[in-house]
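Now for the letters of each chain:
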Amino acid sequence: MKPPRQGFTVGVVGAVSLLGKELLAVLKERHFPVARLVAAEDEEGEPAMPVVDLREGFEPSIAEEALDEEEFDFVFVAAPPRPSAAKPGKSPDDAPFLRSAAKLARTAHGTVIDLGAGLAGEPGGVVRIPFLERGRAGVPKIAQGTRAGKNRYIVSADPATILVSSLLLRLAAHFTLTSAVAQVFSPASEIGPQAVEELQRQTASLLSFQKVPEEVFGQQLAFNLLPRIGRGRAKGAALAAVENRLREQLCSYLAGRVPMPALRIFQAPVFHSVALSLYVETAKGASVKALTEAHERRVDLGGG
């Protein structure tokens, strides 16, 4: 897709989220040719505040009726699906299209890119890790429009999926792998802003010898590791949802090229960083030097 002279029309669902703001910062930093930027409303239904510098050539718009799906060249989804799209008796089509990530995936004629699991459960997504796919044959193409095919949008892989896939594929290029176990230490930001805030409050309370808040995590996370979080059913499902998403992404992306790793998620007391412990068994013994060199060599990780 070549940009028109005036640039692309870009839609951002969740532009006011942390992920949305980071996306817009990257677009600006990389001088992405944006002619018009359309931001969805926030979760409270209030117009989103401008998050880009208008003097740099962006023209953000909040009006949904001014554009239809066919006018978008790119749509970035940086927020979870809107609750209004999941009410009983209502389909995602009943919500305004910029507030319904699921409808965008079905109807947008441009390229839809899911950055934060906003389209989780919506069929037609293809997991992508671009730097691992150079030279790889048979990579599924993304269809444009609802009638073009089943692959309708791009899923940007979770950082943990990228780490596990990169390590396993690099090793598999030099050794025969028989099994793998991955333990992922997930940051508070995977749950949302409320989790980041509570971790900060827990840390401050512990250092001042005060009672720690436990509304999100259900217990002390600061200076601790948790295999599960939350006392309530909904809160306790947050970490399980992350684990299920990672498992689905790994299964889809690795696609039998390496053994599917046994996966376990732990909630770590960090705001944003992801850590990984990976145990791998090889068919034959391998020295530490050989394993190190396998990660340093430049190889075709995608396979033929």
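Residues numbered from 1 in each chain as written. Predicted model: local features only at pLDDT ≥ 70, side-chain atom pairs only at ≥ 80, totals over all residues. Heavy atoms only, no water.

Undergrad: Explain the sheet that holds strand E8 (residues 177–186) to me, please; I cannot follow it from the model alone.
TA: Sheet strands pair via backbone hydrogen bonds, and the direction of the pair is either parallel or antiparallel. Within the open sheet, the 3 strands sit side by side as E9-E8-E10. Their pairing is mixed. The open sheet has two edge strands with one neighbour each: strand E9 (262–267) and strand E10 (275–282). Neighbour-to-neighbour, the strand axes of this sheet turn through a mean angle of 10°, independent of strand direction. Pairing between E8 and E10: 8 bridges, direction antiparallel. The residue bridging glutamine 183 from the neighbouring strand is serine 277, located in E10. Here helix H3 (residues 159–172) sits on the sheet in contact with E8 and E10, set at roughly 25° to E10. (Pairing = 2+ DSSP bridges. Helix = DSSP H or I, 4+ residues; strand = E, 2+ residues; numbered from the N terminus. Axes fitted to C-alpha atoms, helices over the stretch in contact; angles between N-to-C directions. Contact = heavy atoms within 4.5 Å.)

Undergrad: Sorry if this is basic, but what is going on with unusual backbone geometry here?
TA: Of note, the phi angle at histidine 31 is positive, near 55°, even though the residue is not glycine. Looking at the secondary structure, you find histidine 31 in the loop between helix H1 (18–29) and strand E2 (34–39). One non-glycine residue with positive phi stands out, namely phenylalanine 209, at about 60°. Following the sequence through the fold, phenylalanine 209 ends up in the loop between helix H4 (193–207) and helix H5 (233–254).

Undergrad: Explanation requested: the packing of H3 against helix H6 (residues 288–296) in the structure shown.
TA: The relative placement of two packed helices is expressed as an angle between their axes plus a distance between the axes. Relative to each other, H3 and H6 sit at 115°, their axes nearing to 9 Å. The angle between H3 and H6 places the two elements in the roughly perpendicular class. H6 is crossed by H3, and the crossing has right-handed handedness. Within the contact between the two elements, H3 uses Leu167, Arg170 and Leu171 and H6 uses Leu291, Ala294 and His295. Considering only residue class, the contact of H3 with H6 consists of 4 nonpolar, 1 polar and 1 charged. (Parallel < 35°, antiparallel > 145°, perpendicular 65-115°, else oblique. Left-handed = near helix turned anticlockwise from the far one by under 90°. Nonpolar A, V, L, I, M, F, W, Y, C, P; charged D, E, K, R; others polar.)

Undergrad: Explain empty space enclosed by the protein here, please?
TA: Rolled over the atoms, a probe with the dimensions of a water molecule shows which regions are left empty. This structure, assessed with the given rule, holds 2 cavities of 30 Å³ or more. Looking at the second largest cavity, its volume works out to about 30 Å³. Along the walls of the second largest cavity sit Asp158, Ala160, Val184, Ser186, Pro187, Glu190, Val242, Leu246 and Val274, which together make up its complete lining. Those elements giving two or more residues to the lining of the second largest cavity turn out to be E8 and H5. Its residues assigned to classes, the lining of the second largest cavity comprises 6 nonpolar, 1 polar and 2 charged. (1 Å grid on protein atoms, 1.4 Å probe; cavity = no way out; pocket = protein on both sides within 12 Å on 5 of 7 lines; lining within 4 Å. Points joined across faces, edges and corners; volume = space filled by probe spheres on them.)

Undergrad: Would you take a moment to explain the environment of arginine 152 for this structure?
TA: Relative to the assigned elements, arginine 152 resides in the loop between strand E6 (125–128) and strand E7 (153–156). Residue classification places arginine 152 among the buried residues on the basis of a relative accessible area of 16%. For the pair arginine 152 and glutamate 122, spaced 30 residues apart in sequence, the C-alpha separation works out to 9.9 Å. (Buried < 20%, exposed > 50% of the residue type's maximum accessible area, 1.4 Å probe, protein only.)

Undergrad: What is the right way to read the confidence of the model for the protein chain from this model?
TA: Low-pLDDT portions of the prediction should not be read for the details of their coordinates. Across the protein chain, pLDDT averages 75, with 67% of residues at or above 70. For residues 42–65, every residue scores under 50 in pLDDT, and the model assigns this stretch 41 contacts once sequence neighbours within four places are set aside. With pLDDT under 50 throughout, residues 82–95 is counted as low confidence; its partners more than four residues away or in other chains account for 20 contacts. (pLDDT = per-residue confidence, 0-100.)

Undergrad: How do you make sense of the nonpolar core when you look at a structure like this?
TA: Among soluble globular proteins, nonpolar side chains are generally buried collectively. By size, the foremost hydrophobic cluster in this structure holds 44 residues, and its most contacted members are Leu168, Phe217 and Leu246. If you list the elements that add at least two residues to this core, you get strand E4 (74–77), E7, H3, E8, H4, H5 and E9. Of the residues forming this core, the biggest block, 6 residues, is contributed by H5. When residues no more than four places from it in sequence are discounted, the contact partners of leucine 246 are Asp158, Ala160, Thr161, Val184, Leu263 and Ile265. Ranked by size, the runner-up nonpolar core spans 14 residues in total, among them Phe8, Ala15, Leu27 and Leu37. (Core = buried A, V, L, I, M, F, W, Y, C linked by side-chain atoms within 4.5 Å.)

Undergrad: Could you clarify how one ought to interpret the packing of aromatic side chains in this entry?
TA: Each aromatic ring pair is summarised here by two numbers: the centre-to-centre distance and the angle between the ring planes. Per the counting criterion, the structure on display carries 4 aromatic pairs. With a centroid separation of 5.6 Å and 75° between ring planes, the pair formed by phenylalanine 32 and phenylalanine 74 is classed as edge-to-face. Of this pair, phenylalanine 32 sits in the loop between H1 and E2 while phenylalanine 74 is found in strand E4, placing the two residues 42 residues apart along the sequence. Since its relative accessible area comes to 25%, phenylalanine 32 is described here as partly exposed. Taken together, Phe8, Phe32 and Phe74 form an aromatic cluster joined through their ring pairs. (Phe/Tyr/Trp six-rings, centres within 6.5 Å; stacked < 30°, edge-to-face > 60°.)

Undergrad: It is not clear to me how the environment of leucine 199 should be interpreted in this structure. Could you clarify?
TA: With respect to the helices, strands and loops of the structure, leucine 199 is situated in helix H4. Through-space distance from the C-alpha of leucine 199 to that of valine 212 is 9.3 Å; in sequence the pair is 13 residues apart. Apart from residues lying up to four places away in sequence, leucine 199 is in contact with Ala188, Phe217, Leu221, Ala222, Pro269, Val270 and Phe271.

Undergrad: Could you clarify how one ought to interpret the side chain of threonine 161 in this entry?
TA: Secondary-structure assignment places threonine 161 in helix H3. In contact with threonine 161, other than residues within four places in its own chain, are Ile129, Leu246, Gln249 and Leu250.

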